[in-house]
Amino acid sequence: MYTPPELRSFFLDYMQQHNFQFSPKELFEPVDYILQLGGKRLRPILLLMSHNLYQAKIDAALPAAYSYEIFHNFSLVHDDIMDEAPLRRGKPTIHQKYDINTGILSGDVMLIYAYRYLLEVPDKNLVPELMSLFSKVASEVCIGQQYDMNFETSTTVTIAAYLQMIEYKTASLIAGALQTGTILAGAPAADRHHIYEFGRNLGIAFQLQDDILDTYGNAATFGKRIGGDIVQNKKTYLVLKAMQLANNTQKQVLEELLSSYPKDETAKIAAVVAIFDALDIKSIASRKKDGYHQKAIEHLALVKVAEERKIHLKEIAKELLERMK
């Protein structure tokens, strides 16, 4: 079996051979820009890892892996526009480097190419199933983004609703990538189910860790502004749990802060974090994240391949959820 670094190297080589240096430059240069910014390449690597559980050669899975990476980055381009985010992976977002119209149109063409690369899988008999799964995943990502935006102004968001939103927006794409790898490899139906559930639970845990890092991470390593969710009044798990546990005074302060857009954003972030700290929200969120991680590992244990073949998936799951603690 290949290690994750080896799979990453194979995937980056494939990306380099299939770059977006096309005309018109104004449309495709931003696509190359976002794809070359780096990142973990999590979704394509997970897809290749799940494929490699059953198949020694991974060439047949590379187009689908690229499809998921292109779609993921497409969603980031449009998310950044909607969130008015200045940075992505520590660099200017596309709409900041170019302009909003460029971000919209370049994002659109990325979505089209995501489908085009999915059609490049060698076994065309698998295309209907792959397309059905990919379309489900893509629509859930969009549904999750809309819920995320709705939650910014809603005063009735529940923790259950939030967890459903991040399942759509984040976990669905991870789960879909993993299951796509097993479909391409001809895995049994039961294994496909459990690998999907592994990815779904891992994805929720991953987003909870992202929420924690948005407030408690390091900007230099996180790649985004610390406190950005607070500035945007996002109803993250940390906020919702704090509202649930806060006394009347704390709750009133949180409600006022998280419905405001003050000029002094730093002071707003500090005030919200002070309440989080008083309620031990970071530890509570970390335990919630760990619970989903455990569920992921339980599903992985039910996948009918030799345990030694699952080692890399277990390791990468652990690394993702311990990053920048």
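Counting starts from 1 at the beginning of each chain's written sequence and moves along it residue by residue. Owing to the predicted nature of the model, reporting of local features is limited to residues with pLDDT of at least 70; listing and counting of side-chain atom pairs is limited to 80 or more, with chain, interface and lining totals taken over all residues. To obtain the side-chain values, all non-hydrogen atoms of the structure were used and water was disregarded.

### Regarding the overall build of the protein
- Scanning the protein from terminus to terminus reveals 16 helices and 2 strands.
- Taken along the three principal axes of its C-alpha coordinates, the protein extends 60 × 50 × 30 Å.
- Relative accessibility decides the category of a residue: with a 1.4 Å probe and only protein chains considered, values under 20% of the type maximum give buried, values over 50% give exposed, and everything between is partly exposed. Each of the 325 residues in the protein was classed as buried or not, and the buried ones make up 56%.
- Only heavy atoms enter the contact rule, under which two residues are in contact if any of them lie within 4.5 Å. A fraction of 75% describes how many contacts in the protein between residues 6 or more apart in sequence connect residues 24 or more apart.
- For the protein, the accessible area works out to roughly 14500 Å², and carbon and sulfur atoms hold 53% of it.
- Positive: Lys, Arg. Negative: Asp, Glu. His and the chain ends are not part of the count. A charged residue contributes its charge at one atom only: NZ of Lys, CZ of Arg, CG of Asp or CD of Glu. Of the charged side chains in the protein, 36 are positive and 39 negative, and the gap between their average positions amounts to 3 Å. Strands here mean DSSP runs of E at least two residues long; helices mean DSSP runs of H or I at least four residues long; both are numbered from the N terminus. Accessibility throughout is a Shrake-Rupley quantity obtained with a 1.4 Å probe, and a residue counts as covered only by protein chains that appear here.

### A few points about the packing of helix α9 (residues 189-216) against helix α15 (residues 281-301)
- Axis angles are defined between N-to-C directions and span 0 to 180 degrees, where every axis is a line fitted to C-alpha atoms and, for a helix, only to the segment in contact. For the pair α9 and α15, interaxial distance at closest approach is 7 Å and the crossing angle is 165 degrees. By the angle between their directions, the pair α9 and α15 is classed as roughly antiparallel. Judged by the twist between their axes, the crossing of α9 over α15 is left-handed. Seen from α9, the contacting residues are His194, Ile195, Glu197, Phe198, Asn201, Leu202, Ile204, Ala205, Leu208, Gln209, Ile212 and Tyr216; seen from α15, they are Lys282, Ala285, Ser286, Lys288, Lys289, Tyr292, His293, Lys295, Ala296, Ile297, His299 and Leu300.
- Nonpolar residues are Ala, Val, Leu, Ile, Met, Phe, Trp, Tyr, Cys and Pro. Charged residues are Asp, Glu, Lys and Arg, and all others, Gly as well, are polar. Tallied by class, residues from the contact of α9 with α15 come to 13 nonpolar, 6 polar and 5 charged. Small angles under 35 degrees read as roughly parallel and large ones over 145 as roughly antiparallel, with 65 to 115 read as roughly perpendicular and the rest as oblique. Crossing handedness is read from the near helix: turned anticlockwise from the far helix by less than a right angle, it gives a left-handed crossing, and turned clockwise, a right-handed one.

### Some thoughts on the nonpolar core
- By nonpolar core is meant a set of buried Ala, Val, Leu, Ile, Met, Phe, Trp, Tyr and Cys residues that side-chain atoms within 4.5 Å join together. Leu47, Leu48, Tyr66, Phe198 and Leu313 are the most contacted members of the largest nonpolar core, which has 99 residues in total.
- If one sorts the elements of this core by residue count, helix α8 (residues 159-185) sits on top with 12 residues.

### What about the packing of helix α4 (residues 62-83) against helix α7 (residues 127-153)?
- Remark: α4 packs on α7, axes separated minimally by 12 Å, with the N-to-C direction vectors making an angle of 20 degrees. Here α4 lies roughly parallel to α7, going by the angle between them. Judged by the sense of rotation from one axis to the other, the crossing of α4 with α7 is right-handed. For the pair α4 and α7, contact is made by Ser67, Tyr68, Phe71, Ser75, Asp79, Met82 and Asp83 and by Leu133, Phe134, Ala138, Val141, Gln145, Met149 and Glu152, respectively.
- For the contact of α4 with α7, the class distribution of residues is 8 nonpolar, 3 polar and 3 charged.

### Observations regarding the environment of proline 5
- For proline 5, the position within the fold is in helix α1 (residues 4-17).
- C-alpha of proline 5 to C-alpha of isoleucine 45: the two residues are 40 residues apart in sequence and 8.9 Å apart in space.

### Description of helix α3 (residues 42-52)
- With 11 of its 11 residues buried, α3 lies for the most part within the structure.
- Listed as buried for α3 are Leu42, Arg43, Pro44, Ile45, Leu46, Leu47, Leu48, Met49, Ser50, His51 and Asn52.
- Where the residues of α3 are buried, they touch α1, α4, α8, α9 and α16 (311-322).

### Points about the side chain of glutamate 197
- Locating glutamate 197 in the fold gives a position in helix α9.
- By relative accessible area, glutamate 197 is classed as buried at 13%.
- Pairing of N or O atoms within 3.5 Å defines a polar contact, subject to two protein rules: one partner must be a possible hydrogen donor and the other a possible acceptor, and residues neighboring in sequence count only if both atoms are side-chain atoms. Of note is the side chain of glutamate 197, whose polar atom sits 2.9 Å from the side chain of arginine 200.

### Describing the side chain of glutamate 140
- Along the chain, glutamate 140 turns up in helix α7.
- With relative accessibility at 14%, the residue glutamate 140 sits in the buried group.
- Discounting chain neighbours no more than four positions away, the residues touching glutamate 140 are Tyr168, Lys169, Ser172 and Tyr196.

### A look at the packing of aromatic side chains
- Geometry of aromatic contacts follows a simple scheme: Phe, Tyr and Trp rings, the Trp one being its six-membered ring, pair when their centres are within 6.5 Å, and the pair is stacked under 30 degrees between planes, edge-to-face over 60, tilted otherwise. Across all of its chains, the model carries 17 aromatic pairs by this definition.
- Consider the rings of tyrosine 66 and tyrosine 117, whose centres lie 4.8 Å apart with planes at 65 degrees: the pair is edge-to-face. Linking tyrosine 66 in helix α4 with tyrosine 117 in helix α6 (residues 100-118), this pair joins segments that are 51 residues apart in sequence. Like tyrosine 117, tyrosine 66 is buried.

### Remarks on the pattern of salt bridges
- We define a salt bridge as a side-chain nitrogen of Lys or Arg found within 4 Å of a carboxyl oxygen belonging to Asp or Glu. Applying the stated criterion across every chain yields a total of 14 salt bridges.
- We note a salt bridge from lysine 169 to aspartate 148, for which the minimum N-O separation is 2.7 Å. Of the two residues, lysine 169 sits in helix α8 while aspartate 148 sits in helix α7, which places them 21 residues apart along the sequence.
- Taking the shortest distance from any N to any O, the salt bridge between lysine 314 and glutamate 307 comes out at 3.3 Å.
- By relative accessible area, lysine 314 is classed as partly exposed at 33%.
- Ionic contacts of the salt-bridge type, sharing partners, join the residues Asp79, Asp83, Asp148, Lys169 and Lys234 into one network.

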